[in-house]
Amino acid sequence: MFVLNDTPLDPTALHPRLQQALGDDLHHRYALRMRDTGLGLATLLYLKDHKAGVFPIHADIPAEAAKQMATKAGCDWFLEDNLVPQPLPRQPGQTASARPGAGVLVQMSSGTTGAAKVITRSWDNISTEVRHYADFFASAAKMTPVIACPVTHSYGLIPGVLVALHRGHVPVIIDAVNPKYVLRRLREVSNPVLYTSPAMLHTLAKLLPRDEELNAAVTSGTVLPDPWFQLIRARTRHLFQQYGCSEVGCIAINQDLQAPCDVGHPLPHLDLQAGAPDTPGQVRVQLTTGGPATTDAAGGNWVETGDLGYLAADGGLVFTARADDMINVAGLNVYPQDVERAVMCLPGVEDAVAFRLPDPQAGARVGLLFVSATLSETQLRAQCADLLADHQKPALLRRLPALPRQANGKISRRDIAERYASGTDHTADQQVPA
């Protein structure tokens, strides 16, 4: 059972319709693009129970683009709300016998830090994650998950829906984007724990009446900017953070978040490697059971997350930066988060993102986009003179009405850097006059 918005749904009630539509041979890989969230989730759970392959695709992606993604992911069939299976073409040079197998969850990485890639994880591998996540995350064991993020994404689906069902909870899934509605449902649910994006969590914290706080919330996907963290932390009784990657799933959980970069202790079925406090290093993870996911990029049993971090004295993982976000200025490393953290402590700075700019002399320099109703670019540059080391100071400053954040709160530094490097910056026309 799960609740979609206000309506309880029993996914098994759809089994006769699904059996009639899909038949008995489910040894295929299905792409699901469904606007009806309840139907889509019920279909996914049905196919999972039958060890079929499933590639959930967000309904806002146009149908033809979704079919191209599904073909690239090796899917045989494409399903929409009418449940009429549409055959998909084979990839060039692929024979019927070499078609990718079933029994997996297929995901496409976001591409915010590189080209999007196809990632598959077996259902057995995911069951291992679900079991260990539920055992390890004891602080939320008796809380009712309220999932206000897409269940087509692994964050909403695995820690949200599948862990809830494993624990015997009836999760509440909200597919409306209205924050006032999310608050209403949180008030109606007993002992709720909210799974949502950092951007939605920030909005809810701002909307809450002064005498009210959120019971519990999980954040994931990006380290919270300091001003967002301070506000959310002050308005949330229990604040958790989880950290992971598409190839492995959830890697670590912080069950009492007090600093945004402290992403938590690793789950017990994983081996984790990272750097030391004075020398952050690549975060690598290995499953001790269940085997790793398969991906074009993963080699051997160790998965490179692409992140830099270190293990603190208590064994907790501290996130430092994305490895490809680090800016090497004439041989000196600049971590974008350090620049953003310093700038966002200034009164009047509401949001900021630092990124790499090419430079013929130093190799690279720091660029900075920021949001402020009171500080001009000239004023911020003057304040940076006392705030940052010379190699950290932005060579370029742009004040914008809003940063180009994605729906989940993430910012693609790579895209911003490419725009400024190529001179095709699409935010230039939004620039606030100095």
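Residues numbered from 1 in each chain as written. Predicted model: local features only at pLDDT ≥ 70, side-chain atom pairs only at ≥ 80, totals over all residues. Heavy atoms only, no water.

Side note on the overall build of the chain
No. 1: A count of helical and extended segments in the chain gives 11 helices and 25 strands.
No. 2: Rg of the C-alpha trace for the chain: 22 Å, near the compact-globule value of 22 Å for 434 residues, within the 12% margin.
No. 3: Over its C-alpha atoms, taken along the principal directions, the chain stretches across nearly 70 × 60 × 45 Å.
No. 4: Counting over 434 residues, the chain shows a buried share of 52%.
No. 5: In the chain, of all internal contacts separated by at least 6 residues, the share reaching a separation of at least 24 is 59%.
No. 6: Entry remark: accessible area of the chain is about 18700 Å², with carbon and sulfur atoms responsible for 52%.
No. 7: Averaged over its 38 positive side-chain charges, the chain has a centre that lies 2 Å from the centre of its 43 negative ones. (Helix = DSSP H or I, 4+ residues; strand = E, 2+ residues; numbered from the N terminus. Rg over C-alpha atoms; globule rule 2.2 N^0.38 Å. Buried < 20%, exposed > 50% of the residue type's maximum accessible area, 1.4 Å probe, protein only. Contact = heavy atoms within 4.5 Å. Areas by Shrake-Rupley, 256 points an atom, 1.4 Å probe, with all protein chains shown as cover. Lys, Arg positive; Asp, Glu negative; His and termini not counted. Charge placed at Lys NZ, Arg CZ, Asp CG, Glu CD.)

Focus: the sheet that holds strand β24 (residues 363-372)
No. 1: An order of β23-β24-β25 is seen for the three strands of this open sheet, with the pairing classed as mixed. This sheet does not close on itself; its edge strands, each paired only once, are β23 (349-359) and β25 (394-399). Looking at each pair of strands side by side, their axes are set apart by 20° on average, direction ignored.
No. 2: Where β24 and β25 come together, five bridges link them in parallel fashion. (Pairing = 2+ DSSP bridges. Axes fitted to C-alpha atoms, helices over the stretch in contact; angles between N-to-C directions.)

Let's talk about the pattern of salt bridges
No. 1: Counted by the stated rule, this structure contains 25 salt bridges.
No. 2: A salt bridge links Glu 129 to Arg 121; its shortest N-O distance comes to 2.8 Å.
No. 3: Here Glu 304 makes a salt bridge to Arg 284, at a shortest N to O gap of 2.9 Å. Of this pair, Glu 304 sits in strand β19 (residues 302-311) while Arg 284 sits in strand β17 (residues 281-287), and the two are 20 residues apart along the sequence.
No. 4: A residue is classified by how much of its surface remains accessible, and Glu 304, at 44% relative accessible area, is partly exposed.
No. 5: Arg 284 sits in the partly exposed class, given a relative accessible area of 24%.
No. 6: One connected set of salt bridges, linked through shared partners, spans Asp 6, Arg 184, Arg 185 and Glu 188. (Salt bridge = Lys/Arg side-chain N within 4 Å of Asp/Glu carboxyl O.)

Quick notes on the confidence of the model for the chain
Parts of the model with low pLDDT should not have their predicted coordinates read in detail.
No. 1: Mean pLDDT over the chain: 89, with 90% of residues reaching 70 or higher.
No. 2: Per-element confidence in the chain is highest for strand β10 (residues 172-173), whose mean pLDDT is 98, and lowest for strand β18 (residues 294-295), whose mean pLDDT is 48.
No. 3: Between residues 294-299, whose pLDDT stays under 50, and residues either more than four places distant or in other chains, the model counts nine contacts. (pLDDT = per-residue confidence, 0-100.)

A look at the packing of helix α2 (residues 37-49) against helix α5 (residues 154-167)
No. 1: For the pair α2 and α5, interaxial distance at closest approach is 13 Å and the crossing angle is 70°. Between α2 and α5, the interaxial angle falls into the category roughly perpendicular. The two elements α2 and α5 cross, and the hand of that crossing is right-handed. Here Leu 41, Leu 44, Leu 45 and Lys 48 of α2 lie close against α5, whose contacting residues are Leu 157, Val 161, Leu 162 and Leu 165.
No. 2: Broken down by class, the residue content of the contact of α2 with α5 amounts to seven nonpolar, no polar and one charged. (Parallel < 35°, antiparallel > 145°, perpendicular 65-115°, else oblique. Left-handed = near helix turned anticlockwise from the far one by under 90°. Nonpolar A, V, L, I, M, F, W, Y, C, P; charged D, E, K, R; others polar.)

Quick look at the side chain of Gln 107
No. 1: Tracing the chain through its elements places Gln 107 in strand β7 (residues 104-108).
No. 2: Here Ser 154 takes part through its side chain, which lies 3.1 Å from a polar atom of the side chain of Gln 107. (Polar contact = N/O pair within 3.5 Å; in protein donor to acceptor, adjacent residues only side chain to side chain.)

Observations regarding helix α3 (residues 63-72)
No. 1: Taken together, the buried positions of α3 are Ala 66, Ala 70 and Thr 71. The arc enclosing the buried residues of α3, seen along the axis, measures out at 140°, which places them on a common side. Pointing more than 90 degrees away from the buried face of α3 are the exposed residues Glu 64 and Gln 68.
No. 2: Looking one or two residues beyond α3, the residue adopting positive phi is Gly 74, at roughly 80°. (Arc of directions from axis to C-beta.)

What about the state of the cysteines?
Two cysteines, two sulfur atoms, one covalent bond between them: this is a disulfide.
No. 1: The full count for this structure, using the stated rule, is zero disulfides.
No. 2: With no disulfide of its own, Cys 149 lies 13 Å from the sulfur of Cys 250, the closest cysteine sulfur.
No. 3: Judged by its relative accessible area of 13%, Cys 149 falls in the buried class.
No. 4: With no disulfide of its own, Cys 345 lies closest to Cys 384 among cysteine sulfurs, the gap being 12 Å. (Disulfide = S-S within 2.5 Å.)

Description of the packing of aromatic side chains
Both the distance between ring centres and the angle between the ring planes are used here to describe each pair of aromatic rings.
No. 1: Counting across every chain of the model gives four aromatic pairs.
No. 2: On the basis of an interplanar angle of 85° and a centroid distance of 5.6 Å, the ring pair of Tyr 133 and Phe 137 is categorised as edge-to-face.
No. 3: Each ring, one from Phe 137 and one from Phe 240, has its centre 4.9 Å from the other, and the planes form 90°; the classification is edge-to-face. Taken together, the residues Phe 137 in the loop between α4 (123-136) and β9 (144-148) and Phe 240 in strand β13 (residues 236-245) connect sequence positions 103 residues apart. Pair check on accessibility: Phe 137 and Phe 240 agree, each one buried.
No. 4: Aromatic ring contacts, followed pair by pair, group Tyr 133, Phe 137 and Phe 240 into a single cluster. (Phe/Tyr/Trp six-rings, centres within 6.5 Å; stacked < 30°, edge-to-face > 60°.)

A look at the nonpolar core
No. 1: With 62 residues, the main nonpolar core has Leu 47 and Ile 251 as its most contacted residues.
No. 2: Beyond its immediate stretch of four places on either side in the chain, Ile 251 contacts Tyr 243, Gly 244, Cys 245, His 265, Pro 266, Leu 267, Leu 270, Leu 272, Val 285 and Thr 305.
No. 3: If you look at the next biggest cluster of nonpolar residues, it comprises 24 residues, including Val 172, Leu 186, Leu 208 and Ala 217. (Core = buried A, V, L, I, M, F, W, Y, C linked by side-chain atoms within 4.5 Å.)

Structural notes on the pairing of strand β16 (residues 270-273)
Every regular strand shows the same layout, with side chains that alternate between the two sheet faces.
No. 1: A one-sided burial pattern is seen for β16, the buried positions being Leu 270 and Leu 272 and the unburied ones Asp 271 and Gln 273.
No. 2: Two strands pair when backbone bridges link them, and β16 and β17 are joined in this way by four bridges, in the antiparallel orientation. Bridge pairing links Leu 272 to Val 285 in β17.

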